[in-house]
Amino acid sequence: MASKRALITGITGQDGSYLAELLLDEGYEVFGLTRRLSASNYWRIQHILDRITLIPGDLLDQLSLIRAIEKSQPHELYNLAAMSFVPASWDQPMLTGEFNSQGVTRVLEAVRVVDPKIRIYQASSSEMYGKVREIPQTELTPFYPRSPYGVSKVFAHYITVNYRESYDLFAVSGILFNHESPRRGLEFVTRKVTDGVAKIKAGLTQELRLGNLDAQRDWGFAGDYVRAMWLMLQQEEAIDYVIATGESHSVRELVQIAFGHAGLNWEQHVVIDPAFLRPAEVDHLIGDASKAKAQLGWSPSVDFKGLVTMMVDADLKRYGV
């Protein structure tokens, strides 16, 4: 039997790189959609470049999506490409909508036109819950997004539901809560903290500037979460799932574990900077993944402390400490 083929948009990102590894391990032929950038952004997939096929394309360009699907002829399409950094969505709200809302519509439309049998995974986000209506959040919790990013993801979520119900596509959304790794971008708070700890330990700086230490998130390991994406597309029925650890931790706890692991006292280095406070904060995100556990047999393998120490160790190694 010929191997399965998968097309991943956003393959150069954190999730895309872990998903590509997983699919290669499962025997897939893997294709990745990449935007033309002035500087290469392949550091996360450098070690598997010889095993995957990259296709130029952009969520803003419908024709490029159609061509990429025609070229790769995938059985599964994972749409992970997005403007993914929440604070930046206030600076570029229109562009955020173009990528995260209309970009998803273009992907769905391209699949419908080229081959409606392709199974589609859409990356939804816990940021859709925003000002939460209930704790913990499930698949049925109403959305109340608190950023242009969150709003754009709600549109993407419902347009995916719409195409599933209108055109009988196998299209699912995973409502993933925060998931991190050593491959996380430096602008995200978890990586900002672990990179900051490593820099301080290496003697390159003395302080780390942060915003709201009381903000709480449900943080898991990206490697665990891409497995859930894959499992969703292996089911008989197209169903949306919340993927989360079900545990909530504050930025303060993250800081304490990270600095403590490197033998540092965080209170001597962390500076609260109002510049990093959001216009509208999301206070308490915590997901209930019991449906995914029951129906997909999925559960996280890395706990919060394990995640933070894994990231600190990777950053210490990067700075040669």
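See the structure printed just above.
Only a predicted model underlies this, so the values are computations on that prediction, with no experimental measurement involved.

Rules used in this analysis
Residues numbered from 1 in each chain as written. Predicted model: local features only at pLDDT ≥ 70, side-chain atom pairs only at ≥ 80, totals over all residues. Heavy atoms only, no water. Pairing = 2+ DSSP bridges. Helix = DSSP H or I, 4+ residues; strand = E, 2+ residues; numbered from the N terminus. Axes fitted to C-alpha atoms, helices over the stretch in contact; angles between N-to-C directions. Contact = heavy atoms within 4.5 Å. Phe/Tyr/Trp six-rings, centres within 6.5 Å; stacked < 30°, edge-to-face > 60°. Buried < 20%, exposed > 50% of the residue type's maximum accessible area, 1.4 Å probe, protein only. Lys NZ or Arg CZ within 6 Å of the ring centre and 35° of its normal. Core = buried A, V, L, I, M, F, W, Y, C linked by side-chain atoms within 4.5 Å. Parallel < 35°, antiparallel > 145°, perpendicular 65-115°, else oblique. Left-handed = near helix turned anticlockwise from the far one by under 90°. Nonpolar A, V, L, I, M, F, W, Y, C, P; charged D, E, K, R; others polar. Right-handed = clockwise from strand over helix to strand, strands pointing away.

Engineer: Looking at this model, I keep getting lost on the sheet that holds strand β4 (residues 76-79). Mind explaining?
Structural biologist: Within a beta sheet, neighbouring strands are joined by backbone hydrogen bonds and run either parallel or antiparallel to one another. Taken in spatial order, the 7 strands make up an open sheet running β3-β2-β1-β4-β5-β6-β11, and their pairing is parallel. Of all strands in the sheet, those with a lone pairing partner are β3 (52-56) and β11 (241-243), marking the two edges. Direction aside, the axes of adjacent strands within the sheet are offset by 25 degrees on average. Of the strands in this sheet, β1 (5-9), β2 (29-34), β3 and β4 are in contact with helix α2 (residues 62-72), which crosses β1 at around 155 degrees. Here helix α7 (residues 222-232) sits on the sheet in contact with β4, β5 (119-125), β6 (171-176) and β11, set at roughly 160 degrees to β6.

Engineer: Is there a simple way to explain the packing of aromatic side chains in this structure?
Structural biologist: To describe a pair of aromatic rings, one takes the distance between the centres and the angle between the planes. Applying the stated criterion across every chain yields a total of 8 aromatic pairs. Both rings, one in Y18 and one in F221, keep their centres 5.5 Å apart while their planes meet at 80 degrees; by these two values the pair is edge-to-face. In this pair, Y18 sits in helix α1 (residues 14-25) while F221 sits in strand β10 (residues 220-221), placing the two residues 203 residues apart along the sequence. The class of Y18 is buried, set by a relative accessible area of 12%. Look at F221 and you get buried, because its relative accessible area is 13%. Consider the rings of Y225 and W298, whose centres lie 5.5 Å apart with planes at 90 degrees: the pair is edge-to-face. With Y225 in helix α7 and W298 in the loop between α9 (290-296) and α10 (304-318), this pair connects stretches of sequence that are 73 residues apart. Just as Y225 is buried, W298 falls in that class too. Three or more aromatic residues joined by ring pairs form one cluster here, namely Y129, F143, Y158 and F177. A cation over a ring is seen here: R112 above Y167, with NZ or CZ 4.6 Å from the ring centre.

Engineer: I would appreciate a short explanation of unusual backbone geometry in the present structure.
Structural biologist: A negative phi holds for most residues other than glycine; trans holds for most peptide bonds. With an omega of -5 degrees, the peptide bond between I135 and P136 qualifies as cis. With respect to the secondary-structure elements, P136 resides in the loop between β5 and α5 (148-167). Unusually for a residue other than glycine, Q73 sits at a positive phi of about 40 degrees. With respect to the helices and strands, the residue Q73 is situated in the loop between α2 and β4. Phi at D168 is positive, roughly 60 degrees, even though this residue is not glycine.

Engineer: Is there a simple way to think about the nonpolar core in this case?
Structural biologist: Soluble, globular proteins show a tendency: their nonpolar side chains are buried together. Residues I8, L19, L23, V30, Y78, Y121 and I243 are the most contacted members of the largest nonpolar core, which totals 62 residues. It is α7 that contributes the most residues to this core, 8 residues altogether. For I8, the residues in contact, after removing those within four places along its chain, are G16, L19, A20, L23, V30, F31, G32, L33, Y78 and L80.

Engineer: In this structure, what is going on with the environment of R112? I would like to understand it.
Structural biologist: Along the chain, the position of R112 falls in helix α4 (residues 93-114). Not counting residues within four places of it along the chain, the set of residues in contact with R112 comprises Y163 and Y167.

Engineer: Help me understand the packing of helix α6 (residues 189-201) against helix α8 (residues 251-261) in this model?
Structural biologist: Each pair of packed helices gets described by two things: the angle between the helix axes and the distance between those axes. Between α6 and α8, the shortest axis-to-axis distance is 10 Å and the interhelical angle comes to 30 degrees. Regarding the angle of α6 to α8, the classification is roughly parallel. Viewed along their axes, α6 and α8 form a crossing whose handedness is right-handed. Between α6 and α8, the residues in contact are V189, T190, V193, V197 and I200 and V251, L254, V255, A258 and F259, respectively. Of the residues in the contact of α6 with α8, the class split is 9 nonpolar, 1 polar and no charged.

Engineer: Explain the packing of α4 against α5 to me, please; I cannot follow it from the model alone.
Structural biologist: At a minimum axis separation of 8 Å, α4 and α5 run at an interaxial angle of 15 degrees. It follows from the interaxial angle that α4 and α5 lie roughly parallel. Taken as a pair, α4 and α5 cross one another with a handedness that is right-handed. Here P93, T96, G97, N100, S101, Q102, V104, T105, L108, E109 and R112 of α4 come into contact with α5, specifically with P148, Y149, S152, F155, A156, I159, T160, Y163 and Y167. Here the residues of the contact of α4 with α5 sort into 10 nonpolar, 8 polar and 2 charged.

Engineer: I would appreciate a short explanation of the environment of L22 in the present structure.
Structural biologist: Relative to the elements of secondary structure, L22 occurs in helix α1. With a relative accessible area of 12%, L22 lands in the buried category. For the pair L22 and W230, spaced 208 residues apart in sequence, the C-alpha to C-alpha distance is 8.6 Å.

Engineer: So what exactly am I meant to see when it comes to the pairing of β5 here?
Structural biologist: The side chains of a regular strand alternate between both faces of the sheet. The buried count for β5 comes to 6 of 7 residues, which makes it a mostly enclosed element. Note: β4 against β5, 4 bridges, orientation parallel. Following the sheet pairing, Y78 is matched in β5 by Y121. Here β5 runs beside β6; their pairing, made up of 6 bridges, is parallel. Across the sheet, residue S124 finds its bridge partner in β6, namely I175. Taking the sense of rotation as the criterion, the β-α-β connection linking β5, α5 and β6 turns out right-handed.

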